[in-house]
Amino acid sequence: MKILAINPGSTTTKISLYENEKCIFVKNIEHSSEYLSKFDKIIEQKNFRIEEVKKAIKENEISIDEIDVFVGRGGLVRPIASGTYKINDALIKDLEDGYMGEHASNLGGLIAYELGSINNKNNYIVDPVVVDELDDVARITGLKGIERKSIFHALNQKAVAKRYAKEVNKQYNELTLIVAHMGGGISVGLHKNGRVIETNNALGGDGPFSPERAGVLPMFEFLKYAKNMPIDEINKSIKGAGGLVDYFKTSDVREVEKLKLKGNKESDIVLEAMAYSIAKEIGAFATVASGKVEQIILTGGVAYSEYITSYIEEKVGYICGVTRYPGEDEMEALTLGALRVELGEETVKEYIVK
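Residues numbered from 1 in each chain as written. Predicted model: local features only at pLDDT ≥ 70, side-chain atom pairs only at ≥ 80, totals over all residues. Heavy atoms only, no water.

## Quick word on the overall build of the protein
Operational definition: By definition, any uninterrupted DSSP run of H or I lasting at least four residues is a helix, any uninterrupted run of E lasting at least two residues is a strand, and each is numbered from the N terminus. The quantity called the radius of gyration is restricted to C-alpha atoms. Its globule counterpart is 2.2 Å times the number of residues to the power 0.38. Accessibility here uses a 1.4 Å probe with only protein chains present; expressed as a share of the type maximum, an area under 20% marks a residue as buried, one over 50% as exposed, and anything in between as partly exposed. Methods summary: accessible areas were calculated by the Shrake-Rupley approach with a probe of 1.4 Å, and residue burial reflects only the protein chains presented. Positive residues here are Lys and Arg, negative ones are Asp and Glu, while His and the chain termini are left out of the count. Every charge is mapped onto a representative atom, which is NZ of Lys, CZ of Arg, CG of Asp or CD of Glu.
Assigned secondary structure in the protein consists of twelve helices and twelve strands. Taking 20 Å as the expected radius of gyration for a compact globule of 354 residues, we find that the protein reaches 20 Å, a close match to that expectation. Reported as C-alpha extents along the three principal axes, the dimensions of the protein are approximately 55 × 50 × 45 Å. Counting all 354 residues of the protein, 51% fall into the buried class. Here the protein has roughly 17,300 Å² of accessible surface; of this, 49% comes from carbon and sulfur atoms. For the protein, the centre of its 45 positive side-chain charges and the centre of its 53 negative side-chain charges are spaced 2 Å apart.

## Notes on a nonpolar patch on the surface
Put simply, the rule reads: Put simply, a patch holds well-exposed residues, over 30% relative accessible area, that have no salt bridge, with like charges counted together within 9 Å and Val, Leu, Ile, Met, Phe, Trp or Tyr side chains within 5 Å. Salt bridges, as used here, are contacts in which a Lys or Arg side-chain nitrogen is within 4 Å of a carboxyl oxygen on Asp or Glu.
Residues M219, F220 and L223 make up a contiguous nonpolar surface patch of roughly 410 Å² in combined accessible area. Mapped onto the fold, M219 is located in helix α6 (residues 219-225).

## Comments concerning helix α11 (residues 306-316)
Note the following rule: Arc, as used here, means the arc of the directions from the helix axis to the C-beta atoms. The contact definition used throughout considers only heavy atoms, calling two residues in contact when any of these lie within 4.5 Å.
Of all the residues in α11, the buried ones are I308, T309, Y311, I312 and V316. Burial along α11 is one-sided: seen end-on, the buried residues are contained in an arc of 160°. Packed against the buried residues of α11 are β7 (176-182), α9 (253-261), α10 (265-288), β10 (295-300) and β11 (322-326).

## What about the pairing of β10?
Filter applied, for reference: Two strands form a pair only when DSSP identifies at least two bridges running between them. With the strands pointing away from the viewer, any crossover whose connection runs clockwise from the first strand over the helix to the second is right-handed.
Buried residues dominate β10, accounting for six of its six residues. Both faces of β10 are covered, namely the face carrying Q295, I297 and T299 and the face carrying I296, L298 and G300. Bridging between β7 and β10 involves five bridges; their strand directions are parallel. When the sheet's bridge partners are listed, A180 is paired in β10 with L298. In the sheet, β10 pairs with β11 via five bridges, with the strands oriented parallel. In the sheet register, I296 faces β11, and the bridge partner there is V322. Each parallel crossover has a hand, and for β10 linked through α11 to β11 it is right-handed.

## Quick look at the sheet that holds β11
Inclusion rule: The angle between two axes is taken between their N-to-C directions and runs from 0 to 180 degrees, where each axis is a line fitted to C-alpha atoms and a helix contributes only its stretch in contact.
The sheet built from five strands is open, its strands ordered β9-β8-β7-β10-β11 with mixed pairing. Looking along the sheet, the strands with just one partner apiece sit at the ends: β9 (195-199) and β11. Sheet twist, expressed as the average angle between the axes of neighbouring strands with direction ignored, equals 25°. Running over the sheet, α10 touches β7, β8 (186-192), β9 and β10 and is turned about 20° from β8.

## Description of the environment of I92
Along the chain, I92 falls in helix α3 (residues 89-97). Residue I92 is classed as buried on the basis of its relative accessible area of 11%. Along the primary structure I92 and N106 are separated by 14 residues, whereas in three dimensions their C-alpha atoms are 9.3 Å apart. Residues contacting I92, with those up to four places away along its chain left out, are I87, L110 and Y113.

## A closer look at the sheet that holds strand β3 (residues 22-30)
Pairing is mixed in the open sheet, where seven strands are placed in the order β3-β2-β1-β4-β6-β5-β12. Each edge of the open sheet carries a strand with a single partner, namely β3 and β12 (349-350). The pairing of strand β1 (residues 2-8) with strand β4 (residues 69-73) spans four bridges and is classified as parallel. Looking at β4, one finds that I3 is bridged to V69.

Here you go:
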């Protein structure tokens, strides 16, 4: 069974072709920021990206007719339970409308649907960023009518948590784990008995600051800072132009580490502060589990940084052991989510608008 996975990012579209669990090829299709700037909205990039995916498939000497299943990264749709969802009309509408916001991941399901429709093949999304398994108490804030939302790196967090469970010969739903996905945005999740019962909204100004996001801010100071700013500029300062980008005009941790090695004092303290904020979030989530955490997992691109991971391990190692899975397993996670449904090992879920 050949499965094509599609994972759109802000300036890339990553695709992979698997035959069951065997990877045949992975391709990271890069799109220039200059070209993408021609589109007013991300949704308008759909046809362009579809053609780029088709071209990449052809370059790998694969006919689209040979592909049995298409699976895309889920986007900012309505809050849903973890799992694999068949793409239906309701899901397409919410992806197109950007129900919870505009994000490149919204294109994943749309591209999978369009390509699958060519030969009437099955198409799915798996564990979108809006997977919501929060405990009710975790939603409450200090203002009635404003609730905390679950928006995090669900796909990779779930994938590495299940990978760890398999490696220690246990079931994912038997474990209590804290997973920190550290990429352009950073999300920390408390996984308890198969549910992520606490996490920070990595897209909405919550949690640690990151290479591209400002994280939680002192409220009064930010209100003064943003007093005369247009809403689009405020959003950009929180996500996209915040974090390391605001300090150093780059989201590449490696570049900031080079500055640190050259004796740049600002890079030294800011990198430490980012690692400090991640460790602090992990520690806070450990209290939710009454300290009974079996393992802490560090993943995402930033987990390649020896400095940051070692710093975090030193701070949180008293809680339990720490495992590193640098990078992300998103392409494999998408593929396996679709494969489990196709093989009847898992029931496909239906996206329903109530």
